[in-house]
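Each chain, letter by letter, is given below.
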Amino acid sequence: MKVKVFVLLFVLSAVVLSGCTGDRTTDGDVNTTDTVNDAGPDNVTTDNASNASLNETEQNGTITAEEQPTVDVPDEDTTTEGPQVIDTGVPRTYTVRLEKFLSSPNTLVIAPEDTVFWINFNDPIRAFTIVSENGLWENRSIGYRQSFGYTFNETGTYNYSILGNPRMSGTIIVK
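Residues numbered from 1 in each chain as written. Predicted model: local features only at pLDDT ≥ 70, side-chain atom pairs only at ≥ 80, totals over all residues. Heavy atoms only, no water.

Visitor: How do you make sense of the overall build of the protein chain when you look at a structure like this?
Guide: When you go through the protein chain residue by residue, the secondary structure sums to 1 helix and 13 strands. Going from N to C terminus, the protein chain has its helices and strands arranged as α-β-β-β-β-β-β-β-β-β-β-β-β-β. Relative to its 175 residues, the protein chain shows a buried fraction of 24%. Intrachain contacts of the protein chain at a sequence separation of at least 6 include 47% that bridge at least 24 residues. (Helix = DSSP H or I, 4+ residues; strand = E, 2+ residues; numbered from the N terminus. Buried < 20%, exposed > 50% of the residue type's maximum accessible area, 1.4 Å probe, protein only. Contact = heavy atoms within 4.5 Å.)

Visitor: Whenever I open this one, unusual backbone geometry confuses me. Can you help?
Guide: Among all residues save glycine, negative phi is the norm, and among peptide bonds the norm is trans. Residue proline 105 is bonded to the preceding serine 104 through a cis peptide linkage, with omega at -5 degrees. Even without a glycine there, the phi angle at glutamate 113 is positive, about 75 degrees. The residue glutamate 113 is located in the loop between β7 (107–110) and β8 (114–120) in this model.

Visitor: Sorry, what's going on with the sheet that holds strand β12 (residues 156–162) here?
Guide: The strands making up a sheet associate through backbone hydrogen bonding, with each pair oriented either parallel or antiparallel. Taken in spatial order, the 5 strands make up an open sheet running β7-β13-β12-β9-β10, and their pairing is mixed. In this open sheet, the two edge strands, each paired with only one partner strand, are β7 and β10 (140–142). In this sheet, adjacent strand axes meet at a mean angle of 25 degrees when their direction is disregarded. Inspection of the sheet shows strand β9 (residues 128–132) paired to β10 by 3 bridges, in the antiparallel sense. Residue pairing across strands places isoleucine 130 opposite arginine 140, the latter belonging to β10. (Pairing = 2+ DSSP bridges. Axes fitted to C-alpha atoms, helices over the stretch in contact; angles between N-to-C directions.)

Visitor: Any chance you could explain the pattern of salt bridges here in plain terms?
Guide: Opposite charge on two side chains permits them to pair, given that their charged atoms come into close proximity. Overall, the coordinates contain 1 salt bridge when judged by the stated rule. Of the charged contacts, one joins glutamate 99 and arginine 97 as a salt bridge, the two residues approaching to 3.2 Å between their closest N and O atoms. (Salt bridge = Lys/Arg side-chain N within 4 Å of Asp/Glu carboxyl O.)

Visitor: Explanation requested: the nonpolar core in the structure shown.
Guide: Most often, soluble globular proteins have nonpolar side chains that are buried together. By size, the foremost hydrophobic cluster in this structure holds 19 residues, and its most contacted members are Ile110, Val116, Trp118, Ile130, Phe152 and Ile172. Those residues in contact with tryptophan 118 that sit more than four places away from it in its chain are Val96, Leu98, Ile130, Trp137, Ile142, Gln146, Ser147, Phe148, Tyr150, Phe152, Tyr160 and Ile172. (Core = buried A, V, L, I, M, F, W, Y, C linked by side-chain atoms within 4.5 Å.)

Visitor: Please explain the environment of glutamate 133 as it appears in this structure.
Guide: Mapped onto the elements of the fold, glutamate 133 is located in the loop between β9 and β10. Glutamate 133 sits 38 residues away from threonine 171 along the chain, and the two C-alpha atoms are 9.7 Å apart. With sequence-adjacent residues up to four places away left out, glutamate 133 is seen in contact with Asn159, Tyr160 and Ser161. A polar atom in the side chain of glutamate 133 sits 2.4 Å from the side chain of serine 161. (Polar contact = N/O pair within 3.5 Å; in protein donor to acceptor, adjacent residues only side chain to side chain.)

Visitor: What is the right way to look at the sheet that holds strand β6 (residues 102–104) in this model?
Guide: The 4 strands lie next to each other as β6-β5-β8-β11, forming an open sheet whose pairing is mixed. Looking at the sheet topology across the chains shown, the edges are occupied by β6 and β11 (147–152). Going from strand to strand, the sheet's axes swing by 20 degrees on average, the running direction of each strand aside. Here strand β5 (residues 93–99) runs beside β8; their pairing, made up of 6 bridges, is parallel. Each residue of the ladder has a partner; that of tyrosine 94, found in β8, is valine 116.

Visitor: Would you explain the side chain of asparagine 122 in this entry?
Guide: Structurally, asparagine 122 is set in the loop between β8 and β9. For asparagine 122, a relative accessible area of 0% translates into the label buried. In this structure the side chain of asparagine 122 is engaged in a polar contact, spanning 2.9 Å, whose partner is the backbone nitrogen of lysine 100. The residues touching asparagine 122, leaving out its near neighbours within four places in the chain, are Leu98, Glu99, Lys100, Phe101, Phe128 and Tyr144.

What follows is the structure, given as structure tokens:
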């Protein structure tokens, strides 16, 4: 009986102590930057004479100024819709999850020469048949935890669907 009580106390103390760790600032100092540099997008300026803000700290009774970089913030009118394709010259691989009778993501924007893999994670376990609405491939059956991949070589918009599951259809946009 004493062993059970000891084990219970050990587990409870481990749970309580595990909540006491983490990346928290204990000194209460927060660095903020109040100025914005209009030199251009995504520029970091460390020039103290221009728009850099200073953070004053006190050490051993003397106040010292530490230079903090200022990061440019885009204009409020600048908005982006969805992911953007950044061509790095290297083909990338994307995954579309077939799960819970949905395909996720159902719209994907990729670059030419990129490959998309459809992986079946559906529970309950069932095989799906993926169909290219544009005739890129023949109907392919994908079993549980199996995948099918296709490399898109030409720009355009390509649709796919899963036989018998209209909610699992999707679009691949090659830009």
